[in-house]
Amino acid sequence: MNIPSRRLHLALALLSVAVVAQQLVLMRLLAITQWHHFAYLVISLALLGFGAAGTLIALFRSWLLARLDVLLPLFCLSSAAATVAATGAALSTAGGFDSYLVFTDPVQLWRLFAVSLLLALPFFLAALVLGLVFVAQVERIGTLYFVNLLGSGLGGAVALLLLGGVSVGRLPAACALFALAAGLLLLPRSGRPWLTAAALAAGLITTAGLLH
């Protein structure tokens, strides 16, 4: 991995902020759009994403580690884009589910399943970054885990600020900004046009979410 330590640590901290802030934001959004009981589903969705990422790393560890310089920024940028796009699709009127009919209409049950997968996607992508960095630099796990916990703690404070100062529809995009910044920090210096295009696309999706 050819990423300077300071950039890597800052990127991990920013990504950790995004992960925790998004969890708290989702709790607010689900409490508004559905019964408040579904807000507690968020922690399970985050754990689902982290568990799926750990499984993928365990199965394809060598392949993933050989491509860290490209995959780390790509997963961060994808997490930012998914935070806006997947969350918006999952909680929209057309893409969501009707909590009144979940136990009587099989279609709504499948919709709930699809919504759960969409909401878990940003956590899955972010967890891939965290897990791969931990595995690749296990000799520095203490420092890396400290940075992760510091960012997670700040994420709670950031979420409170966002919930008090940002309109509900723009909250996911505000969280995505941190993952986007992490992805930009991890971009390799050598020219990779398709990664630059991915960064531009993630930036446009996040900007669209903020202007929504």
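These numbers come from a predicted model, not from an experiment.

Caption draft 1: Structural context of the nonpolar core. Counting residues in each nonpolar core, the largest one holds 65 residues, and the members touching the most others are Leu 12, Leu 15, Leu 72 and Val 129. Counting residues per element, the ones that place at least two in this core are helix 1 (5-33), helix 2 (41-59), helix 4 (68-91), helix 5 (106-136), helix 6 (141-165), helix 7 (171-186) and helix 8 (193-211). Broken down by element, the residue count for this core peaks at 14 residues, all from helix 1.

Caption draft 2: Just helix 6, in detail. Compared with an ideal rise of 1.5 Å per residue, which puts 25 residues at 36 Å, helix 6 spans 35 Å between its outermost C-alpha atoms and is within 8% of the ideal. Taken together, the buried positions of helix 6 are occupied by Leu 144, Val 147, Asn 148, Gly 151, Gly 155, Gly 156, Val 158, Ala 159 and Leu 162. Taken together, the buried residues of helix 6 touch helix 1, helix 5 and helix 7.

Caption draft 3: Inspection of empty space enclosed by the protein at higher detail. If you walk through the whole model with that rule in mind, you get 1 cavity of 30 Å³ or more. In this structure, the largest cavity spans a volume of roughly 60 Å³. Taken together, Ala 18, Val 19, Gln 22, Ser 79, Thr 83, Pro 122, Phe 123, Ala 126, Cys 175, Ala 176 and Ala 179 make up the full set of residues lining the largest cavity. Going through the elements one at a time, helix 1, helix 4, helix 5 and helix 7 are the ones with two or more residues in the lining of the largest cavity. Of the residues belonging to the lining of the largest cavity, the class tally is 8 nonpolar, 3 polar and no charged.

Caption draft 4: Looking closely at the side chain of Thr 87. Structurally, Thr 87 is set in helix 4. At a separation of 3.1 Å, a polar atom in the side chain of Thr 87 contacts the side chain of Gln 22. Engagement of the side chain of Thr 87 in a polar contact is seen with the backbone oxygen of Thr 83, the distance being 2.7 Å. Residue contacts for Thr 87: discarding those within four places in its chain leaves Gln 22, Leu 26, Leu 29, Ala 82, Leu 119 and Pro 172.

Caption draft 5: Region of interest: the packing of helix 1 against helix 4. Helix 4 packs onto helix 1 with a crossing angle of 0° between their chain directions and a minimal axis gap of 12 Å. Between helix 1 and helix 4, the interaxial angle falls into the category roughly parallel. Residue-level contacts link Leu 15, Gln 22, Leu 26, Leu 29, Leu 30 and Thr 33 of helix 1 to Cys 76, Thr 83, Thr 87 and Leu 91 of helix 4. The class makeup of the residues in the contact of helix 1 with helix 4 is 6 nonpolar, 4 polar and no charged.

Caption draft 6: Inspection of the packing of aromatic side chains at higher detail. Counting across every chain of the model gives 2 aromatic pairs. Ring centres of Trp 110 and Phe 113 lie 6.0 Å apart, and the angle between their planes is 90°; on these two criteria the pair is classed as edge-to-face. In this pair, Trp 110 and Phe 113 are both assigned in helix 5, 3 residues apart and thus about one turn of the helix distant. Its relative accessible area of 61% is what places Trp 110 among the exposed residues. On the basis of an interplanar angle of 75° and a centroid distance of 6.3 Å, the ring pair of Phe 134 and Tyr 145 is categorised as edge-to-face. Here Phe 134, found in helix 5, pairs with Tyr 145, found in helix 6; they are 11 residues apart in sequence, far enough to count as distant. Assessed through its relative accessible area of 18%, Phe 134 is described here as buried.

Caption draft 7: Representation of the layout of surface pockets within the structure. Of the voids in this model, the largest pocket is the one considered here, and its volume is about 260 Å³. If you go around the largest pocket, you meet 14 residues; those closest to its centre are Val 84, Gly 88, Gly 169, Pro 172 and His 212. Counting only elements with at least two residues in the lining of the largest pocket, the list comes to helix 1, helix 4, helix 7 and helix 8. Element by element, the count of residues in the lining of the largest pocket is highest for helix 4, at 4 residues. Counted by class, the lining of the largest pocket contains 7 nonpolar, 7 polar and no charged residues.

Cut-offs used in this document
Residues numbered from 1 in each chain as written. Predicted model: local features only at pLDDT ≥ 70, side-chain atom pairs only at ≥ 80, totals over all residues. Heavy atoms only, no water. Core = buried A, V, L, I, M, F, W, Y, C linked by side-chain atoms within 4.5 Å. Buried < 20%, exposed > 50% of the residue type's maximum accessible area, 1.4 Å probe, protein only. Helix = DSSP H or I, 4+ residues; strand = E, 2+ residues; numbered from the N terminus. Expected span 1.5 Å × (residues − 1). Contact = heavy atoms within 4.5 Å. 1 Å grid on protein atoms, 1.4 Å probe; cavity = no way out; pocket = protein on both sides within 12 Å on 5 of 7 lines; lining within 4 Å. Points joined across faces, edges and corners; volume = space filled by probe spheres on them. Nonpolar A, V, L, I, M, F, W, Y, C, P; charged D, E, K, R; others polar. Polar contact = N/O pair within 3.5 Å; in protein donor to acceptor, adjacent residues only side chain to side chain. Axes fitted to C-alpha atoms, helices over the stretch in contact; angles between N-to-C directions. Parallel < 35°, antiparallel > 145°, perpendicular 65-115°, else oblique. Phe/Tyr/Trp six-rings, centres within 6.5 Å; stacked < 30°, edge-to-face > 60°.

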